[in-house]
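Below are the chains, spelled out letter by letter.
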Amino acid sequence: MSKKKLSSEKWDFKLPCSDNQWKRFCEFKYYIKKSRSNSPSVYWKKRHASFNIKRDKKFVFIKGLYNRQTDKEALTPVSFYDQVFEWFEKKKNSISRRLVGKKAIPPARLFDKRSGYVDRLNKRYNQKFKKESKLLLGQYFNSEYADVYAKLLDCIECLKNNVDLKSRNSFLEIGPGNGVFAYFLVKKMKFKKAYLIDLPVMIPTCFFWLSALAGEKAVILPGERITPKTIFSLYLPGKIDLPYDSIDFSANITSFQEMNHSIVKDYFELIQKLTKPKGYFLCVNRFEKTTSWWRYPWPKKAKTIIEEEDLSSRTSSKMNKIIMRKLIKLTSAKF
């Protein structure tokens with residue numbers, strides 16, 4: 001790709017890329033062709049066309065995480081089966097809403113536009129988190145995404161104030177995006193190992209980002225062998241082979257909301273299997289999007305530490321964009 005076209009096109013990230021990194025990325029593309037992974041949701045099938053990765057000399061250009069394709073005609077087409085499944089899910093959601101009653105009603109708004117809540121929140125983010133995220137991300141800090149970093153650092157603060165972990169050997173994150181939250185957990189919470197599950201289309205973004213932040217030897221792609229220097233291990237859905245009760249902490253930050261309820265149920269079961277008794281699970285997701293918060297299969301026997309609106313909830317132009325945050329302490333009981 002020519003430099004002129006690269007500079008004129010809107011890219012989410014420009015990151016360093018060594019010859020060895022690019023080789024590993026190309027080998028990963030071959031790996032996913034022969035690897036059977038769990039099918040993504042209809043939402044992600046549609047978004048697939050948004051993603052693109054190009055290399056120019058010592059850099060890689062990535063788009064798709066933030067620079068999403070909005071032209072419906074350009075989105076990846078889905079099969080008739082997917083359309084039927086999507087219709088059925090909406091119908092089931094409507095029926096469930098009527099059956100569960102109050103649980104399906106959003107929480108009362110904690111503020112209104114006139115209160116200046118949004119301005120105060122943005123000020124807090126700028127004062128409390130912007131400097132910290134700059135220090136953590138260094139040259140890779142981008143002010144355009146400062147609110148994203150602030151939201152993640154606020155989750156870290158929530159954990160610092162509310163968890164009592166006996167060990168911090170490892171954590172599991174489902175849907176890590178570009179891996180920044182995982183990086184913050186290692187740097188701020190002092191976890192030793194990170195196990196990250198994501199779709200094939202998202203794995204490269206996470207790989208290049210974490211390699212830039214922590215060094216390429218600290219990150220392994222699906223199919224690669226763990227080494228003594230590995231901190232971040234990337235996995236495809238359905239391919240994680242960790243022992244039961246081996247994880248100290250699990251998290252899902254704004255990705256359950258983009259799946260379907262069948263996939264969400266599978267992940268809740270995985271979290272329960274892998275997380276140690278008295279370990280913790282943090283969930284931050286929309287009250288209503290592709291899935292519904294009130295339909296998540298929360299464990300019947302677990303201690304709820306926090307269940308509240310996230311600080312970034314209802315602060316955009318869409319005041320009905322409700323984001324919930326829940327921290328639970330798991331028991332040995334199954335979901």
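Reference entry: report on the structure contained in this document. Here the structure is a predicted model, which means the values were calculated and not measured. (Residues numbered from 1 in each chain as written. Predicted model: local features only at pLDDT ≥ 70, side-chain atom pairs only at ≥ 80, totals over all residues. Heavy atoms only, no water.)

A few points about the sheet that holds strand 1 (residues 13-16)
Stated precisely, the cut-off is as follows: Two strands form a pair only when DSSP identifies at least two bridges running between them. Helix and strand definitions follow DSSP, with helices as H or I runs of at least four residues and strands as E runs of at least two, each counted in order from the N terminus. Interaxial angle, 0 to 180 degrees, is taken between N-to-C directions of lines fitted to C-alpha atoms, where a helix line uses only the stretch in contact. A contact between two residues is defined here by any heavy atoms of the two lying within 4.5 Å.
A sheet is described by the order of its strands in space; here three strands give the open sequence 1-3-2, paired in antiparallel fashion. Looking along the sheet, the strands with just one partner apiece sit at the ends: strand 1 and strand 2 (52-56). With strand direction ignored, the average angle separating the axes of adjacent strands in the sheet is 25°. Seen against the sheet, helix 8 (residues 203-214) touches strand 1, strand 2 and strand 3 (59-63) and runs at an angle of roughly 55° to strand 1.

Some details on the packing of aromatic side chains
Keep this limit in mind: Only the six-membered ring of Trp is used, alongside the rings of Phe and Tyr, when aromatic pairs are assigned; centres must lie within 6.5 Å, and planes under 30 degrees apart are stacked while those over 60 apart are edge-to-face, with the rest tilted. With a 1.4 Å probe rolled over the protein chains alone, any residue whose accessible area is under 20% of its type maximum counts as buried; one over 50% counts as exposed, and the rest are partly exposed. Distance and angle both matter: a charge sits over a ring if NZ of Lys or CZ of Arg is within 6 Å of the ring centre and within 35 degrees of the ring normal.
As enumerated under the stated definition, the model contains 27 aromatic pairs in all. Centre to centre, the rings of F25 and F208 are 5.7 Å apart; their planes meet at 55°, and the pair counts as tilted. Here the residue F25 occupies a position in helix 2 (residues 19-34), and F208 occupies one in helix 8, the gap between them amounting to 183 residues. Here F25 matches F208 in class, with each residue buried. Taken together, the aromatic side chains of F256, Y267, F268, F281, W293, Y296 and W298 make up a single cluster linked through ring pairs. In this arrangement the basic side chain of K14 is found over the ring face of F59, its NZ or CZ atom lying 4.4 Å from the centre.

Examining the sheet that holds strand 7 (residues 232-235)
The eight strands lie next to each other as 6-7-5-4-8-9-11-10, forming an open sheet whose pairing is mixed. Each edge of the sheet is formed by a strand with only one pairing partner; in this case those strands are strand 6 (219-220) and strand 10 (302-309). Strand direction decides the pairing type here: strand 8 (residues 247-253) and strand 9 (residues 275-286), joined by six bridges, are parallel. Within strand 9, the residue paired with A251 across the bridge is L282. Packed onto the sheet, helix 8 meets strand 5 (193-197), strand 6 and strand 7 and runs at close to 175° relative to strand 7.

So, the packing of helix 2 against helix 8
Our working rule: Here the word oblique covers every angle except those under 35 degrees (roughly parallel), over 145 (roughly antiparallel) and from 65 to 115 (roughly perpendicular). Here a crossing is taken to be left-handed if its near helix is turned anticlockwise relative to the far helix by less than a right angle, and right-handed if that turn runs clockwise. Amino acid classes used here: Ala, Val, Leu, Ile, Met, Phe, Trp, Tyr, Cys and Pro are nonpolar; Asp, Glu, Lys and Arg are charged; the rest, including Gly, are polar.
Two elements in contact, helix 2 and helix 8, have axes whose closest approach is 11 Å; the angle formed by their N-to-C orientations is 160°. It follows that helix 2 is roughly antiparallel to helix 8 by the angle criterion. Classified by chirality, the crossing of helix 8 by helix 2 is right-handed. On helix 8, the residues that touch Q21, W22, R24, F25 and F28 of helix 2 are I203, P204, F207, F208 and S211. Split by residue class, the contact of helix 2 with helix 8 holds seven nonpolar, two polar and one charged.

Here we look at the pattern of salt bridges
Put simply, the test is: A pairing counts as a salt bridge when a side-chain nitrogen of Lys or Arg comes within 4 Å of a carboxyl oxygen of Asp or Glu.
A full pass over the atoms with the stated rule returns 13 salt bridges. Residue K276 pairs with D248 through a salt bridge whose shortest N-O separation is 2.9 Å. Placement of K276 in strand 9 and of D248 in strand 8 is noted, with a sequence separation of 28 residues between them. Using a relative accessible area of 23% as the deciding quantity, one classes K276 as partly exposed. For R325, the salt bridge is made with D310, and the minimal N-O distance between the two is 3.8 Å. Residue R325 is located in strand 11 (residues 323-330), and its partner D310 is located in the loop between strand 10 and strand 11; the two are separated by 15 residues in the primary sequence. Each of the salt bridges in this network shares a partner with another, and the network as a whole consists of D154, E308, D310 and R325.

Comments concerning the state of the cysteines
What counts, and what does not: Cysteine sulfur atoms are paired as a disulfide whenever they fall within 2.5 Å.
According to the stated counting rule, one finds zero disulfides in the structure shown. C17 takes part in no disulfide bond, and the closest cysteine sulfur, belonging to C26, lies 8.6 Å away. There is no disulfide at C158, and the cysteine sulfur nearest it, in C155, is 6.8 Å away. Taking relative accessible area as the criterion, C158 reaches 7% and is therefore assigned buried.

Considering a positive patch on the surface
For the record, the criterion: Patches in this entry comprise residues that are over 30% relatively accessible and not in a salt bridge; like charges within 9 Å are linked, as are nonpolar side chains (Val, Leu, Ile, Met, Phe, Trp, Tyr) within 5 Å. All accessible areas in this document rest on Shrake-Rupley with a 1.4 Å probe, and a residue is counted as covered only by the protein chains that are shown. When charges are counted, neither His nor the chain ends are considered; positive counts come from Lys and Arg and negative counts from Asp and Glu. In this description, the location of a charge corresponds to atom NZ of lysine, CZ of arginine, CG of aspartate or CD of glutamate.
Judged by side-chain charge, K160, R168, K187 and K190 come together as a positively charged surface patch. Note that K187 resides in helix 7 (residues 180-189).

Here's the deal with the pairing of strand 11
The buried fraction of strand 11 is high, at seven of eight residues. The pairing of strand 9 with strand 11 spans seven bridges and is antiparallel. For C283, the partnering residue across the bridge sits in strand 11 and is K326. The pairing of strand 10 with strand 11 spans seven bridges and is classified as antiparallel. Note that in strand 11 the partner of T304 across the bridge is I328.

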